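Coordinate analysis (summary)
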Amino acid sequence: MSNRSKKLRPFFAGMMSVSLMAAAFAPMDSANANPGNGNGKGNAVAEQQRGNSENAPHGPKRDIDGVTMVDSTSFLVDFDKTYPKGIDINRMLEVEAELDDESVVEVELTDYDVSSDDRSLVTVEHANDDLDGLAGTLRINDFELDFDFADEEEMFSLNIFHTNDIHGRTNMFPQLVTTLDEAKETYGDGLLLDAGDVFSGTLYFNEFRGQDALEFMNYMEYDAFVFGNHEFDLGDPDEGHPELVEFVENAEFPFVGANMDFSGDPGFDHINQQGGISFEAENGMIYDGIVKEVDGEQVGIFGINTEDTVDISSPMNVTFSNYAEAAEEMVGLFEEAGVNKIIALTHLGYDSDPSVGNDLLLASKVEGIDVIIGGHSHTEVSPPTVLTENEHGEEMEPTVVAQAGEYGKFLGVVNVTFDENGVVVDSDGELMATGDREPDPEAAEMLKPYTEAIEELQNEPAGSTVKNDLPNPRHGDGDDVSVRANETALGNLITDAQLRAALKANEDTIMALQNGGGIRAPISAGEVTIGQLIEVQPFGNRLTLLELSGEELMQAFETSVFDAPAENGGFLHVSAGTKLTYDSDLDPGERVVSLEIEVDGEYVDIEQDDMYTIATNNFTATGGDGYEVFAQAYDDGRGTIVGNTDWEMLRDYMAELGEVDYDVEGRIVNLAAE
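My aim in this report is to walk through the structure given alongside it, one point at a time.

The rules behind these values
Residues numbered from 1 in each chain as written. Predicted model: local features only at pLDDT ≥ 70, side-chain atom pairs only at ≥ 80, totals over all residues. Heavy atoms only, no water. Helix = DSSP H or I, 4+ residues; strand = E, 2+ residues; numbered from the N terminus. Contact = heavy atoms within 4.5 Å. Salt bridge = Lys/Arg side-chain N within 4 Å of Asp/Glu carboxyl O. Buried < 20%, exposed > 50% of the residue type's maximum accessible area, 1.4 Å probe, protein only. Pairing = 2+ DSSP bridges. Axes fitted to C-alpha atoms, helices over the stretch in contact; angles between N-to-C directions. Nonpolar A, V, L, I, M, F, W, Y, C, P; charged D, E, K, R; others polar. Expected span 1.5 Å × (residues − 1).

The subject of this paragraph is the overall build of the protein chain. The helix and strand tally for the protein chain stands at 14 helices and 38 strands. Over its C-alpha atoms, taken along the principal directions, the protein chain stretches across nearly 105 × 50 × 50 Å. In the protein chain, of all internal contacts separated by at least 6 residues, the share reaching a separation of at least 24 is 75%.

Another aspect to go through is the pattern of salt bridges. Counted according to the given criterion, the structure contains 18 salt bridges. The residue R437 makes a salt bridge to E182 at a minimum N-O spacing of 2.8 Å. Of this pair, R437 sits in the loop between β26 (424-433) and α8 (441-458) while E182 sits in helix α1 (residues 173-187), and the two are 255 residues apart along the sequence. Look at R437 and you get buried, because its relative accessible area is 16%. Among the residues examined, E182 registers a relative accessible area of 31% and is labelled partly exposed. For R638, the salt bridge is made with D636, and the minimal N-O distance between the two is 3.5 Å. The class of R638 is partly exposed, set by a relative accessible area of 21%. Counted as one network, the salt bridges with shared partners bring together E96, E98, R139 and E144.

Before going further, it helps to spend a moment on the sheet that holds strand β14 (residues 255-256). Strands sit in the order β17-β14-β13-β12-β11-β25-β26 across an open sheet of seven strands; the sheet is mixed. Single-partner strands in this sheet number two, and they are β17 (286-287) and β26. With seven bridges connecting them, strand β11 (residues 156-163) and strand β25 (residues 410-418) associate as antiparallel partners. Along β25, the bridge assignment pairs F156 with F418.

As a further point, take the packing of helix α11 (residues 550-560) against helix α13 (residues 628-638). Axis separation between α11 and α13 bottoms out at 9 Å; the angle between their running directions is 145°. Judged by residue contacts, E552, Q555 and A556 of α11 engage V629, F630 and R638 from α13. A breakdown of the residues in the contact of α11 with α13 according to their chemical character gives three nonpolar, one polar and two charged.

What follows is about the sheet that holds strand β38 (residues 668-670). Strand order in the open sheet formed by four strands is β34-β33-β32-β38, with mixed pairing between adjacent strands. The sheet is open, and its two borders are formed by β34 (602-605) and β38, each paired with just one other strand. Pairwise comparison of adjacent strand axes, ignoring direction, gives a mean angle of 25° for this sheet. Sheet topology places strand β32 (residues 578-582) next to strand β33 (residues 592-599); five bridges connect them, and they run antiparallel. Looking across to β33, one finds that L580 is bridged to L595. Across the sheet, α11 lies against β32 and β33, angled at about 125° from β33, the strand it touches most.

For α1, which comprises 15 residues, the first-to-last C-alpha distance of 20 Å matches the rise-based estimate of 21 Å (1.5 Å per residue) to within 8%. Check the buried side of α1 and you find it contacts β11, β12 (191-194), α3 (211-220), β25, β26 and α8. Immediately beyond the C-terminal end of α1, within one or two residues, lies G188, with a positive phi of roughly 100°.

Such coordinate-based values are descriptive only and should not be taken to indicate function.
What follows is the structure, encoded as structure tokens:
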């Protein structure tokens, strides 16, 4: 059996066959069986010799009101008075075990943990292997408890270390390395998994396209990776995903994605091994599911990504199927192959939009998954959630759900113990804050050349000065307005920059549109740097022209305001000379009151049957954020990628202005808010 870490506590009361002898005491409340975090810690003298059962311990007078067995390595003592600070536990207790064969084992006490506010409950730990695989009677001063850990040898304990949603924060890896080393020292070896979205979000990514992060992931020896939606941000209608292909090719670990089909993109052909499960997965290859051997036990791992990727990223010819159906199929394949310990590595979100699925729904819908390691919602789940009921409210075998926040701020740790049938009987975990650790020296040296290149780019002047702050508000930050629900000064500036570039390519362009979800950072007043502009528009999207009818434009703006006044990443900002009026009190799909453009100094309505040229980014133009009307036009041959990169258009326009002074102008009006 693999010993569980003494820092992890069981969640199932009565997991072991432990009974109190009739002559002892009334059982304590099961809630008191959990050691808790503790308010104090004592250091036992490991070398101290234990006396025999006739010798009383020497310490302050304390009577014992009760004793509860926690597991094979610890028990809980209820003293009648406050436990004195700093007193060695060996001075308070004498412990020995008489086995069923009448032999006696002296139990070495190694540590203790005060587990209550009144300092009367004390969790006592003893040598890890004293009682493993044994049965008998434990004597603690005048109390006796029967124990039976004879079946514990059949248990299997697994450590899982995990990350998710790093989003280009390559600078966090040196501290992640230190944190992983500390976690392994504390808990022992285990699997290292990532739940997606290493791509996009910083200057590191814009400059190195994920290869910087990959160097550190190879160094840390990850065991598996599931694609997140942002791994597809660089998708191109003509070229596909060359940067993602390179990322996979150079990885020293396998990729999993059971509900993703890469067969439609020939760029992945040489690295695509999808179809069933693999017992001999190779590094730099894509699978539905893989089997890893850990301490002689087979552990199945499969991947699931959000179906929303087709709307919020640019997967192009990579397609997605239903998350629950794919998971159900994978569980069946693992079980048919005799693998009964199954991990779902997901990029669904902990409790995200139920219409496209999330980890809690997955656990309740698909029985047989033992652990879900998730990402996408950036949720800090600590300790891991344990679900024991299915979607119908019926009892099911436990599923443990974990996620480690965002940006490499935490290393997630999960420990699960399985019985001989592969059922989870014990679980716990924590999030280890990387910011509390020093960077690993070797990893810090690896980071230097990347950071030097980024700092040079970060500080390069962009040739303009911003007169007033240009915020990028979000409702979750406490603002009444949001870049994803309201006109903003920064949105106006970006669309004007796009219109300027579009008019050079086609002088008939009437407006430019920018999705709010593509604006990622504010610009502070003062001199502007290239680094700031890339942070504002980090995805490197390219300008695209679309030929649309007035009716199609109206449909697009109905999509834009469908969720108003709530946030929606597809909310469209508009360039100067365009005015949208809508009413969020009206039914979704019927909210646009008018759409006007400026002609010869006057605003006129868009005509339903007329054709217009508009500009937007290639993500939105090809159907991102649910713009099917744009996707249809693009597929019909009415779209042209001009080639200008978003942040570069912004840089050039702002440099032309020199001093930038922008504000909200009433380009977008919600009558319900008037």
